[in-house]
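Residue-level structure breakdown
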Amino acid sequence: NVLFPIGWDAFGLPTENYAIKTKTHPKIITKNNTDTFRKQLKSVGFSFDWSREVNTTDPSYYKWTQWIFLQLYKQGLAYKKRALINWCPSCKIGLANEEVIDGKCERCGNPVEKREKEQWMLAITKYAQRLYDDLDKTQFPDRVKILQRNWIGPSNGSELEFSIKGSVNKIRVFTTRIDTLFGVTYVVLAPEHPLVSGLALDATNTAEIEAYVQESKRKLDLERTAEDREKTGIELKGVRATNPATSEEVPVWIADYVLADYGTGAVMAVPAHDERDHAFAKKYNLPIKEVVKNDKEEVLPFAGYGKLINSGQFDGLTSEEAKKKITEFVGGQTITTYKLRDWVFSRQRYWGEPIPMIHCVKDGWVPVPEKDLPVTLPNVENYLPTDNGESPLAIVTDWVNTTCPVCGGPAKRETDTMPNWAGSSWYFLRYMDPQNDEKFADQDKLKYWGQVDWYNGGAEHITLHLLYSRFWHKFLSDIGAVPQDEPYLRRSITGIVLGEGGVKMSKSKGNVINPDTVIQTYGADPLRLYEMFMGPFDQAIAWDTKSIIGVRRFLEKVWRLQNKINHETKDPSLDIITNKTIKKVGEDIETMSFNTAISAMMIMVNSLEEKDSIPGNSYESLLKILAPFAPFVCEEIWHNLGHITSIHKEIWPVADESKMVSEQIKLVLQVNGKVRDTLIVPANMSEDEAKTAALKNESVQKWLAGNQPKQVIYVPGRLINVVT
Ligand code: ANZ
């Protein structure tokens, strides 16, 4: 009892960009495209349950996306924050991280800058550890688990504080190597660190500091942390921090290799043992103090573990022991930080779900009451991005101006929309109850269907979408809205079909294969069969028109075999191959080894072709196992054979194991020329196998009485004589 659904995740940049380019409303584009895709999917013969089709841009669907957002908000997991976003100065648009390729805008190829903006954020980091640990509850391939784990990127370390001379403020640092605390020769803050503006005023070089801060804010993280890039920074002259272990005073710097939103946004620098600190210290002539040594003489920086030196009472301890002791000594905390960041959930775009929040001067941010959902996108003429980085919705005053749900006074709607990842974070749940307008899905239905047993999709969604949807699902589980806390049990990966010659299909390269043309020229079944036959399912493989002709010929052979059916024919050799093929195809489908299943059927068809007449049952079994691969041809032949019901409602044939081996024959067993027993063996048994079987026989063993035979004579198909 399988639910095999389909739907359209249709909000987002590609549609919007295309709308701008063709001056057609995204709604119309979405409708046209989904109509085409639906027609194409049907013509290829996918067995989707079309009664459960969903579309994330449909207000009756995104009502629930907005509802989930409100629940996140109520639980404190959605919050607004001034954050640095990627800004394309040429397109005048804010971009998501995933829309920045190598520091450049995905749309126009110009360099992207950072810009500060108020953004809605989702606190996915609160779920980081569970998202990491619970991968164990899934049966995802290792490759998927590893990618998810790297993306979450937990890092175990300590947080500790350096006090600032003459100030009540303290600098909190995160380090994975607190064992190197005695080797700290300076402290570095990220240019965006909240203490910087205050400390800059205390410093004697305020103006220089300001200039450096402005410059680094424009740079992207990627650029700032690149290994080979020359480090830059500036000292906060006159500002001194105190090492909590030694009470030693060290200078305070700001440098853009320290990121604002990782750890605490500040580091204790140990140039003797950290690559980046070492390069920085060399450049700015800062002292380098060695505090960890191992047996082998190492050159600095030495980033490995060893025993402590120059570290007072901790000398002689191993790095591991010292970590614990020093954390205690300075009153630090053991902490796990994650590479994973909170999710920037705002887009200054038109084609997305409106974020259901209202801003009131008196009451601040107020959620739209659930009864007023969905907040629908207004129909606008102009959805072009604006010059000032505001959402195009900001100019739709009729829509923006509303009343505050709390005080009834005038208020304004949030004009940012959700990212394209929103609707796809829960769509699988909607399939279980697609028309429900009381709830996103009925509890009983959610319980009935349970987890997604098997999720197949492209590799590009392993980190972002898979992580986002696991996060939403865990949250829904926490508020009791879904019965389990992991959405998917299994995950498999489809390799993409590349264009002829092995490059990715793209319009600009002119190498796109349109399924409509392939179907017109060769048929839907050859297209299906070829895509499954071209190679292992999870690998990227280039399209090759010659090969589709090959599978088309195979189907033509299958078709011609109809004429050879003779119900009188009995052919044991065909029984063997039929049963073996049934078994192989069934097993291969389970492991998604479609290519080998098809080659097994090709071998079977070749054997059938060699015969003058073939038994009806062999041929019908072939049709049944081929039917999921080539549904149209098999159905048609099935009807030609006189059946009136569909082949797709037939029961899958069962492989008869006893008919998978060739006929049995009787071998006479002699010892020294006298008949002692008989042996039933498969007719095609090899000489070695026959001899081994004979020597294991009880009567033969008795006559051998533990001795080795002098000779074993084998007369094929007749007898074995053991000479003692
Ligand atoms: C002192 C130290 C000494 C460090 C040493 C390393 C080696 P992972 O493993 O990636 O988590 N760090 C901390 N916060 C940072 C930030 N916001 N931006 C850039 N670097 C930051 O790296 C943790 C290490 O990266 C921390 O441990 C800190 O440098 C640096 F011999 O502290 B370490």
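Here the structure is shown first, and the text comes after it.
Attention in this report is confined to the structure presented alongside it.

What counts and what doesn't
Residues numbered from 1 in each chain as written. Predicted model: local features only at pLDDT ≥ 70, side-chain atom pairs only at ≥ 80, totals over all residues. Heavy atoms only, no water. Helix = DSSP H or I, 4+ residues; strand = E, 2+ residues; numbered from the N terminus. Buried < 20%, exposed > 50% of the residue type's maximum accessible area, 1.4 Å probe, protein only. Contact = heavy atoms within 4.5 Å. Areas by Shrake-Rupley, 256 points an atom, 1.4 Å probe, with all protein chains shown as cover. Lys, Arg positive; Asp, Glu negative; His and termini not counted. Charge placed at Lys NZ, Arg CZ, Asp CG, Glu CD. Pairing = 2+ DSSP bridges. Axes fitted to C-alpha atoms, helices over the stretch in contact; angles between N-to-C directions. Left-handed = near helix turned anticlockwise from the far one by under 90°. Nonpolar A, V, L, I, M, F, W, Y, C, P; charged D, E, K, R; others polar. Parallel < 35°, antiparallel > 145°, perpendicular 65-115°, else oblique. 1 Å grid on protein atoms, 1.4 Å probe; cavity = no way out; pocket = protein on both sides within 12 Å on 5 of 7 lines; lining within 4 Å. Points joined across faces, edges and corners; volume = space filled by probe spheres on them. Near = heavy atom within 4 Å. Polar contact = N/O pair within 3.5 Å; in protein donor to acceptor, adjacent residues only side chain to side chain. Salt bridge = Lys/Arg side-chain N within 4 Å of Asp/Glu carboxyl O. Phe/Tyr/Trp six-rings, centres within 6.5 Å; stacked < 30°, edge-to-face > 60°. Lys NZ or Arg CZ within 6 Å of the ring centre and 35° of its normal.

Moving on: the overall build of the chain. Check the secondary structure of the chain and you find 23 helices and 29 strands. If one aligns the C-alpha atoms of the chain with their principal axes, the spans along those axes are about 110 × 75 × 50 Å. By the burial criterion, 49% of the 724 residues in the chain qualify as buried. Nonlocal contacts in the chain, meaning residues at least 24 apart in sequence, comprise 68% of its contacts between residues at least 6 apart. About 35500 Å² of surface is accessible on the chain, with carbon and sulfur atoms providing 51% of the total. Considering the chain, the positive charge centre built from 89 side chains and the negative charge centre built from 95 side chains are found 1 Å apart.

Through backbone hydrogen bonds, the strands of a sheet pair up, either in parallel or in antiparallel fashion. If you walk across this open sheet you meet the four strands as β19-β18-β21-β20, and the pairing is antiparallel. Edge positions in the open sheet fall to β19 (364-367) and β20 (401-403), since each of these has one partner strand only. Averaged over all pairs of adjacent strands, the angle between strand axes in this sheet comes to 45 degrees, irrespective of strand direction. With three bridges connecting them, β20 and strand β21 (residues 410-413) associate as antiparallel partners. Within β21, the residue paired with T403 across the bridge is P410.

For the rest of this paragraph, the subject is the packing of helix α16 (residues 524-533) against helix α17 (residues 545-560). Relative orientation of the contacting elements α16 and α17 amounts to 115 degrees, with a least axis distance of 9 Å. As for how α16 packs across α17, the hand of that crossing is right-handed. Facing α16, whose interface residues are D525, P526, L527, L529, Y530 and F533, α17 presents S547, I548, V551, R552, F554 and L555. A breakdown of the residues in the contact of α16 with α17 according to their chemical character gives nine nonpolar, one polar and two charged.

A separate point is the packing of helix α5 (residues 142-152) against helix α14 (residues 464-478). As a packed pair, α5 and α14 sit with axes 10 Å apart at the nearest point and diverge in direction by 75 degrees. Here α14 runs roughly perpendicular to α5, going by the angle between their axes. Residues V144, Q148, W151 and I152 of α5 form the contact with α14, whose participating residues are L464, L466, L467 and R470. Taken together, the residues of the contact of α5 with α14 sort by class into six nonpolar, one polar and one charged.

Under the definition given, this model contains four cavities of 30 Å³ or more. Contributing to the lining of the largest cavity are 13 residues, with G12, L13, R347, R349 and N420 lying nearest its centre.

Close to the ligand lie 18 residues, the nearest being S155, T175, L259, Y262 and K339. Side-chain polar atom of T175 to an oxygen atom of the ligand: 2.7 Å apart, as the coordinates give it. Between an oxygen atom of the ligand and a main-chain N or O atom of T176, the distance comes to 3.0 Å. The protein chains hide 86% of the 640 Å² of surface that the ligand would expose on its own. Breaking the shell around the ligand down by element, the ones donating at least two residues are β9 (170-175) and β13 (266-269). Considering only residue class, the shell around the ligand consists of eight nonpolar, six polar and four charged.

This part is about the pattern of salt bridges. Taken as a whole, this structure holds 36 salt bridges when the rule is applied. Two residues, K474 and D485, come together in a salt bridge whose shortest N-O distance is 3.8 Å. Taken together, the residues K474 in helix α14 and D485 in the loop between α14 and β23 (488-494) connect sequence positions 11 residues apart. Residue class for K474 comes out buried when judged on its relative accessible area of 0%. Note that K624 and E650 form a salt bridge whose closest N and O atoms lie 3.6 Å from each other. Of this pair, K624 sits in helix α20 (residues 616-626) while E650 sits in the loop between α21 (631-640) and β26 (664-671), placing them 26 residues apart in sequence. Within the structure, one salt-bridge network assembled from shared partners comprises D134, K137, R470, K474, D485 and E486.

Our next topic: the packing of aromatic side chains. Given two aromatic rings, their pairing is described by the distance between the two centres and the angle made by the two planes. This structure, assessed with the given rule, holds 39 aromatic pairs. Between W64 and W67, the aromatic rings sit 6.0 Å apart at their centres with planes inclined by 65 degrees, giving edge-to-face as the arrangement. Of this pair, W64 and W67 both sit in helix α3 (residues 59-74), three residues apart, which is roughly one turn of the helix. Classification of W67 by relative accessible area gives buried; the value is 16%. Between W67 and F440 the ring centres are 5.8 Å apart and the planes differ by 40 degrees, which places this aromatic pair in the tilted class. Note that W67 is positioned in helix α3 and F440 in the loop between α12 (427-430) and α13 (443-449), a separation of 373 residues in sequence. Within the aromatic cluster, the residues linked to one another by ring pairs are F69, Y73, W120, Y127, W343, F345, W365, W421, Y468, F471 and W472. Over the ring of W454 we find R490; its NZ or CZ atom is 3.8 Å from the centre of that ring.

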